[in-house]
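Working through the structure, step by step
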Amino acid sequence: NIAFADFLSPGLSKDALAAYRENFAPSAFAARPHAAVALVALAAETEDEARRLDATRQAWAYEMAKGRFWPFPKAEEAADILAMIGSDPVLEQIRGRAIVGTGALVRQQITRLAKDAKADEVLLMTFTCEAAARFNSYKLIADAFAAVPA
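Residues numbered from 1 in each chain as written. Predicted model: local features only at pLDDT ≥ 70, side-chain atom pairs only at ≥ 80, totals over all residues. Heavy atoms only, no water.

Let's talk about the overall build of the chain
- Helix and strand counts for the chain stand at six helices and four strands.
- Reading the helices (α) and strands (β) of the chain from amino to carboxyl end gives β-α-β-α-α-α-β-α-β-α.
- Within the chain, contacts between residues at least 6 apart in sequence are counted, and of these 68% link residues at least 24 apart.
- Carbon together with sulfur atoms contributes 59% to the accessible area of the chain, which is approximately 8600 Å² in total.
- Taking the 17 positively charged and 19 negatively charged side chains of the chain as two groups, their mean positions are separated by 5 Å. (Helix = DSSP H or I, 4+ residues; strand = E, 2+ residues; numbered from the N terminus. Contact = heavy atoms within 4.5 Å. Areas by Shrake-Rupley, 256 points an atom, 1.4 Å probe, with all protein chains shown as cover. Lys, Arg positive; Asp, Glu negative; His and termini not counted. Charge placed at Lys NZ, Arg CZ, Asp CG, Glu CD.)

Printed below as a string of structure tokens:
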């Protein structure tokens with residue numbers, strides 16, 4: 001079994017999972033291939049709120065990419081940091097490593113990515129400094145999936 005961290009290498013899930021399936025050999029641990037894709041996703045009631053909450057992940061990841069290790073900033077502090085950074089290729093790359101929006105929009109993007117990669121399973125992680133927002137994000141995503149027949 002394999003889990004591919006798409007949030008570390010966005011867009012490579014399809015090729016990684018295909019290579020795994022092509023080279024899979026049954027063993028005592030697994031009779032057939034089982035592949036998961038791991039994603040960073042954050043949902044909120046509105047796209048604007050989701051982007052506001054995701055600013056904490058973006059600012060934190062940007063600072064980490066520059067070698068500065070620090071705790072997650074609050075959303076307001078993160079917004080100030082992102083405004084100071086402005087346009088930066090590193091920041092654009094960080095933004096592309098997460099699925100952010102309303103529950104329905106996040107569900108659509110997760111479904112598309114999982115289908116394209118032929119994933120058997122999806123693992124989700126949500127990063128933001130607000131615990132209630134994290135729990136709400138998982139609930140909104142779960143509700144969005146529950147609202148659509150499989």
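A short note on unusual backbone geometry
- Positive phi is not limited to glycine here, since Lys 118 has a value of about 55°.
- Examined against the element boundaries, Lys 118 turns out to sit in the loop between α5 (103–117) and β4 (121–125).

Regarding helix α1 (residues 13–23)
- By the burial criterion, the buried members of α1 are Ser 13, Leu 17 and Tyr 20. Buried positions in α1, seen along its axis, are confined to an arc of 55° and lie on one side of it. For α1, exposure combined with an orientation more than 90 degrees from the buried face picks out Lys 14, Asp 15, Glu 22 and Asn 23. (Buried < 20%, exposed > 50% of the residue type's maximum accessible area, 1.4 Å probe, protein only. Arc of directions from axis to C-beta.)

Let's talk about the packing of α5 against helix α6 (residues 131–146)
- Packing of α5 against α6 leaves a shortest axis separation of 8 Å and a crossing angle of 70°. For the element pair α5 / α6, the angle class is roughly perpendicular. Crossing of α5 against α6: the hand is right-handed. Within the contact between the two elements, α5 uses Gly 103, Ala 104, Val 106, Arg 107, Ile 110 and Thr 111 and α6 uses Leu 140, Ile 141, Ala 144 and Phe 145.
- Residues that form the contact of α5 with α6 fall into these classes: seven nonpolar, two polar and one charged. (Axes fitted to C-alpha atoms, helices over the stretch in contact; angles between N-to-C directions. Parallel < 35°, antiparallel > 145°, perpendicular 65-115°, else oblique. Left-handed = near helix turned anticlockwise from the far one by under 90°. Nonpolar A, V, L, I, M, F, W, Y, C, P; charged D, E, K, R; others polar.)

Considering the environment of Ala 59
- Looking at the element boundaries, Ala 59 is found in helix α2 (residues 47–65).
- Classification of Ala 59 as buried rests on a relative accessible area of 0%.
- In this structure, Ala 59 is in contact with Trp 70, Pro 73, Ala 78, Ile 81 and Leu 82, ignoring residues within four places of it in sequence.

Section: the pairing of strand β2 (residues 35–43)
- The buried fraction of β2 is high, at nine of nine residues.
- Side chains of β2 alternate between two faces, with Ala 35, Val 37, Leu 39, Ala 41 and Ala 43 and Ala 36, Ala 38, Val 40 and Leu 42 buried alike.
- In this sheet, β2 lies alongside strand β1 (residues 2–5) in parallel orientation, the contact comprising four bridges. Along β2, the bridge assignment pairs Ala 3 with Ala 36.
- The handedness of the β1 to β2 crossover, carried by α1, is right-handed.
- As judged from the three bridges shared by β2 and strand β3 (residues 99–101), these two strands associate in the parallel manner. Within the sheet, the bridge partner assigned to Leu 42 lies in β3 and is Val 100. (Pairing = 2+ DSSP bridges. Right-handed = clockwise from strand over helix to strand, strands pointing away.)

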